[in-house]
Amino acid sequence: MALAVMLGGLAAGSSVGWGQSVTLMEPEAPLLPAAFGEWKQTAGAGAKPGYSLLGMDAQALGECGERRSKAADYTRGGRTVHVEAIQFGDRTGAYSAFTLAERPGMRVGSELNTYEAVGGNAALFMVGKSVVLASFAGEGEVTAQDVASLQPLLGAMPKVFGGAGAVPILPTLPPAKGLVGGSLRYALGPVSYAAEGGVLPAASLHWKMEPEAVTVRYDDARGKETLTLLLYPTPTIAEDAKKVIQGEVPGLKDGSARLRQDGALVLLATGSFAGDAAQQMIAGIHLSQMTFNQDAHPPFKVVAAQTFTLLENIAILSGVLGAGAVLLGLFLGLGRAWYRVLRGKSAAVEVEFLSLHLAPQNKPAVFRGPDTVFRGPDSPEGV
């Protein structure tokens, strides 16, 4: 079988002219595994539940960079879970889709050491650059044991490498005091911004300049407030956006809203907070607070996961190269034996030795005692 594969590869390669390049595309890993932990995939996916990733706005998912999706049903001990997964181009897009799919009232936690939100009979979480929704059969609430049973799924899903694994930084800026859990929304385009309940007209935020937007809600003794953060590529673009916002928010005229620019960052506070409280909240947020060692949701072991993935890939590559060397050796050895048989020779190669023929060509010299009469080569016998 290996010989046939190698011969087929050589035949295909012979049709490619010299100087031409051939691109080999490695097939993508399955988005959902056939099994994880004690959960086994059933023959076909069941009916799509009311709360579904695959039923989200297609344009909004496109803004997030959707690449592929998959749905499957799994069973364990008579219980069923419907799993949907969508993979995006990077973790930034995946996080935007995560906040778009997150429902109000869901409990944000870190039981899976990743972004996750649990509520009702569903658990929503991120794995690398994929968003996963697991909906358990029945009307009961998802338990801690249900969430823990999903842990093996994290290790079975495709990994993320390089810049595609960078986390968004803007969602780390909103202050924690009074923040409504599960209310943070992160948008990369007008459709997702509008779908996430942004307070500004989505079409007027200079989306062609590729800004990022965060909308988060607060509810405490100060009242109810909505904080909007917009991050633009340059301060000049941010200043233009600020001028547009000033004409579109009536609360800025009567003092019920506050607007501030900090370099490339634009902040808007609207709601029932007193003017001083709203001003104090946005005045405490600075662009210099953006650090690349923070994560938008509860932290998880990124470095350890990346190190393990690197070592795992090195081991896999070493195994593939070793197996390839063995197959190549078998192919060349069998090919040579086959060629000798076709020429009427033995399949085995006779051992050959090279010799310099340094063996003595003359008889060794004979040395005698002092009474011995020397006899030359021409002397008669007995002399």
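Our structure's up above, just so we're on the same page.
Every residue gets a number counted from 1 within its own chain, in the order that chain's sequence is written. Given that this is a predicted model, residues contribute local features only at a pLDDT of at least 70 and side-chain atom pairs are listed and counted only at 80 or more, while totals for whole chains, interfaces and linings are drawn from all residues. To get the side-chain values, all heavy atoms of the structure are used, and hydrogens and water are removed first.

## Here's the deal with the pairing of strand S3 (residues 66-76)
Strand pairing is assigned whenever DSSP identifies at least 2 bridges connecting the two strands. Secondary structure follows DSSP: runs of H or I at least 4 residues long count as helices, runs of E at least 2 residues long count as strands, and numbering of each begins at the N terminus. In terms of strand pairing, strand S2 (residues 39-41) meets S3 through 2 bridges, oriented antiparallel. What sits directly across from Gln41, in S3, is Tyr74. Where S3 and strand S4 (residues 79-88) come together, 10 bridges link them in antiparallel fashion. Paired with Lys70 across the strands is Ala85, a residue of S4. Between S3 and S4, which pair antiparallel and follow one another directly, the connecting turn spans 2 residues, one of which, Gly77, has a positive phi of 60°.

## What about the pattern of salt bridges?
Salt bridges, as used here, are contacts in which a Lys or Arg side-chain nitrogen is within 4 Å of a carboxyl oxygen on Asp or Glu. Under the defined criterion, the tally for this structure stands at 3 salt bridges. Ionic pairing is found between Arg222 and Asp220, a salt bridge with its closest N-O pair at 2.8 Å. Relative accessibility thresholds used throughout: buried, under 20% of the residue-type maximum; exposed, over 50%; partly exposed, between the two (1.4 Å probe, protein chains only). Judged by relative accessible area, Arg222 falls into the partly exposed class, the value being 26%. Classification of Asp220 by relative accessible area gives partly exposed; the value is 23%.

## What about helix H3 (residues 91-101)?
Taking burial as the measure, the 11 residues of H3 include 11 buried ones, the bulk of the element. Where H3 starts, the residue carrying a side-chain oxygen 3.2 Å from the main-chain nitrogen of Thr92 turns out to be Asp90. Counted as a polar contact is a pair of N or O atoms within 3.5 Å, where, for protein atoms, one must be capable of donating a hydrogen and the other of accepting one, and residues adjacent in sequence contribute only when both atoms are in side chains.

## Digging into the pairing of strand S7 (residues 122-127)
Of all the 6 residues making up S7, 6 are buried; the element is thus mostly covered by neighbouring parts of the structure. Burial along S7 is two-sided: the residues Ala122, Leu124 and Met126 and Ala123, Phe125 and Val127 are all buried. Connecting strand S6 (residues 116-119) to the antiparallel partner S7 that follows it, the hairpin turn spans 2 residues, and Gly120 within it adopts a positive phi of roughly 65°. Sheet topology places S7 next to strand S8 (residues 130-136); 6 bridges connect them, and they run antiparallel. Bridged to Ala122 within S8 is Ser135.

## A few points about unusual backbone geometry
Backbone geometry places His206, a non-glycine residue, at a positive phi of 55°. Structurally, the position occupied by His206 is in the loop between helix H6 (190-195) and strand S10 (212-220). By relative accessible area, which is 28% here, His206 ends up partly exposed. Notably, Glu210 is not glycine yet its phi reads approximately 60°, a positive angle. Mapped onto the elements, Glu210 comes out in the loop between H6 and S10. Take Glu210: its relative accessible area is 68%, and that puts it in the exposed class.

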